[in-house]
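Here is what each chain is made of, one letter per residue.
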Amino acid sequence: MLELIIQNVINALQWGSFYALIALGYTLVYGVLTLINFAHGDVFMVGAYIAFFVATFFLVSLGIPGWLVLALCVPLTMILTSMVGVTLERIAYRPLRKKGAHRLYVVITALMCGLILQHANLAIFGASRKAFPPLIQEHVYNVGGVSFTNLKIAVIVTAILVFLILHWIVTRTRVGMAMRAISYDKFAVPLMGIPLDQIIVITFVLGSGFAGLAGLLFAMSYPVLEPYMGALIGWKAFIAAVVGGIGDIRGAFLGGFLLGGIEILVVAFFPSTLRDLIAFTVLLVILTFKPTGFFGVAKTTKI
Amino acid sequence: MLKRYSVHLILTLLGGLIVYLAYFEYLGLYFLSVLMFMGVNIILSSSLNLVNGYMGEFSCGHAGFMCVGAYVASVLGVWLFARDRVFGAPLLDPDYALYAFPVIILAGGVAAALAGLLVAFPSYKTRGDYLAIITIAANYIIISAIENMSSIGGSRGLMGMKGVINAMEDTLYLPWMPIWVFLFTIFCVWVIRRYVSSTFGKGVNAISQDEVAAEIMSVNTNKIKTITFMLSSGLAGIGGGLFAYILGYVNPGSFNILKSTEIMVMVYLGGMGSLSGSILAAIFFTILLELLRPLQIIKWIVIPLVLIILMQFRPEGIMGNRELGQIFPRLKKFYRFK
């Protein structure tokens, strides 16, 4: 019985790590710009594809050993994916922001950018699924009836590390201070000599970079890639961010693991087709009774 | 005199023309089905406009309610009037199908309106982005629930609606589907027009401008939100029912977030808070979709691109929040539509 519980906790932690990593990107952008970057789930998908191409390029055409490929893959995927995120910001979001457009129009633009990413991928690479090449030897450890792989542990450790790094950046560095200042008052911040656009670009770099990392890890854990993989995971990660209280890094992290836990629990006790149904119902109930999530602060509206 | 009845006259002539052309088969089956989808799209876009445009909320799960309407109407129709593998022999005499069809479609609408409560209750406390998430969640919940009901086909889908249409045509041979789509489209637009220009409609508008101020001005915001969400999703259910009967086949996958996005594109193309804009955009968009059909998957790059460009350069849509009569004031002399 105890082994079963520990086994499920490890599974939940690994599954929740993906949600947490993507939710961090949502929450960073929302915290700074109060913009729901609906394209973020698809940036994750693009990240997985970039990882796939980088890995196969090094592995097949150059014949480099797997562990070296992985060491090259991590920074390259993060850099390339963050470039995708920054491009989106430059082309689609910044002109609207400069015009002072209503937030709704930016949200719709984000939604449409996501659709374009998905279908451009489908049009260019076709509907066939891509199989991600194995980069490192997967070891299965068995401790007292609980089995886990080195990959699972790596995913969990990465998620926790990313959270610590981001938390450090936001609370301890000057860039993080500027981010918090922008989310507090967007109009006063440029007057204090803080370069608004640069900080926003940094935010997108961080968010998309970690989405790329999540894409790489996801592709290594579940080595089948398809263009629509980002949509559902993206929505669910967003739900995780909202449940935790969007705009708060601790909230995104907690929400991700919570959602992962709920889904693993559902699969453990019910037929697995009910997973989405129960996950979304839990979200609906939480938002009905606590509309701002766990860590969110209610804003007062003035007339 | 002319001013008073011109809209009735035009609509009667248009309806008569469509029925005439369909009856003598001057119109191909393809062209007829495009016309019918146009009607369904008009219903969907104008009903979503009620929430997204007039009330100023951001609902992006409209296809979920459409799904409820489609399934309830199809299951009722097939169960009552058609011989089917799943439901067995028809429960009632197929001769009654003709009279019961509008009731079946309306029942789908009522069921969808009840599903709209799923969004209406959280909307009391939740606004803006959070409410948008709730509508998406509602869409996923509805689709996922239907996928898990294996007795009505689950994710494989449901067939047999053609049997009901055949039963109608056996009773009296007329192109029944175009007729019903035409009548229901007019009914839905008329209902929305009446609702928006009523006292409730003023309340809806007040909520869109400032909810707190509206509440102080003694607008019962919760009541109006409930009614508007129910009406909007109910009409979407009617649209979904018609959609199911036109296609003759439904599966939950066709009511996913892509379908919701399609409806949203129509609303923002036409302009928020403009009924005539929604209608024009639905007609225009249906034609555009058919023209782009040869492009296959590229279609789904072109459509979002159109919307992105629209958001950059004319975010208020084709009509803004004005009606046809406000853009061309001279037209007002010739028609009155209430």
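Note: the structure precedes this text.
Below you will find a few notes about this structure. Numbering of residues starts from 1 in each chain and follows the order in which that chain's sequence is written. By the order in which they are written, chains take letters starting at A while ligands take numbers starting at 1. Confidence filtering applies because this is a predicted model: local features only for residues at pLDDT of at least 70, side-chain atom pairs given and counted only at 80 or more, and all residues used for totals across whole chains, interfaces and linings. Water and hydrogen atoms play no part in the side-chain values, which are based on all heavy atoms of the structure.

Examining the environment of Ile287(B)
Residues and elements named next belong to chain B.
Reasoning step 1: Structurally, the position occupied by Ile 287 is in helix α12 (residues 275-292).
Reasoning step 2: Classification of residues uses two cut-offs on accessible area relative to the type maximum, computed with a 1.4 Å probe and protein chains only: under 20% is buried, over 50% is exposed, and between them is partly exposed. A residue is classified by how much of its surface remains accessible, and Ile 287, at 39% relative accessible area, is partly exposed.
Reasoning step 3: Note: C-alpha distance between Ile 287 and Leu 35 (252 residues apart in sequence) is 9.2 Å. Helix and strand definitions here come from DSSP, where helices need a minimum of 4 consecutive H or I residues and strands a minimum of 2 consecutive E residues; each element is numbered from the N-terminal end.

Quick notes on the pairing of strand β3 (residues 146-149) of chain A
Residue and element names in this part refer to chain A.
Reasoning step 1: Between any two strands, pairing holds if DSSP finds at least two bridges. The pairing of strand β2 (residues 140-143) with β3 spans 4 bridges and is classified as antiparallel. Paired with Val 143 across the bridge in β3 is Val 146.
Reasoning step 2: Here β2 folds back onto β3, and the loop between the two strands holds 2 residues, one of which, Gly 144, carries a positive phi near 55°.

Description of the layout of surface pockets
Reasoning step 1: In this structure, the second largest pocket spans a volume of roughly 1200 Å³.
Reasoning step 2: Elements supplying a minimum of two residues to the lining of the second largest pocket: α1 (2-33), α2 (40-62), α4 (103-125), α8 (229-244), α9 (249-269) and α10 (275-289) of chain A together with α5 (128-147) and α11 (257-270) of chain B.
Reasoning step 3: For the lining of the second largest pocket, the element with the most residues is α8(A), which contributes 8 residues.
Reasoning step 4: Residue classes follow a fixed rule: Ala, Val, Leu, Ile, Met, Phe, Trp, Tyr, Cys and Pro count as nonpolar, while Asp, Glu, Lys and Arg count as charged, and any other residue, Gly among them, counts as polar. Residue composition of the lining of the second largest pocket, by class: 22 nonpolar, 14 polar and 7 charged. Detection works on a 1 Å grid of protein atoms alone, calling trapped sets that fit a 1.4 Å probe cavities and calling open sets with protein on both sides within 12 Å along at least five of seven lines pockets, with lining residues defined by an atom within 4 Å of a point. Grid points are joined across faces, edges and corners, and a volume is the space filled by probe spheres set on the points.

As for the pattern of salt bridges
Residues and elements named next belong to chain A.
Reasoning step 1: Salt bridges are defined by distance alone: a side-chain nitrogen of Lys or Arg within 4 Å of a carboxyl oxygen of Asp or Glu. All told, the structure shown has 11 salt bridges over all chains when counted by the stated rule.
Reasoning step 2: A salt bridge links Arg 97 to Asp 197; the nearest nitrogen and oxygen atoms lie 3.0 Å apart. Here the residue Arg 97 occupies a position in helix α3 (residues 66-99), and Asp 197 occupies one in helix α7 (residues 196-221), the gap between them amounting to 100 residues.
Reasoning step 3: A salt bridge links Glu 263 to Lys 236; the shortest N-O distance between them is 3.1 Å. On the criterion of sequence distance, the pair formed by Glu 263 in helix α9 and Lys 236 in helix α8 is long-range, its members being 27 residues apart. For the pair Glu 263 and Lys 236, one class covers both residues: buried.
Reasoning step 4: Among the ionic contacts, a cluster of salt bridges with common partners joins Glu 89, Arg 94, Arg 97, Lys 98 and Asp 197.

Shape is all these values report; function is a separate question.
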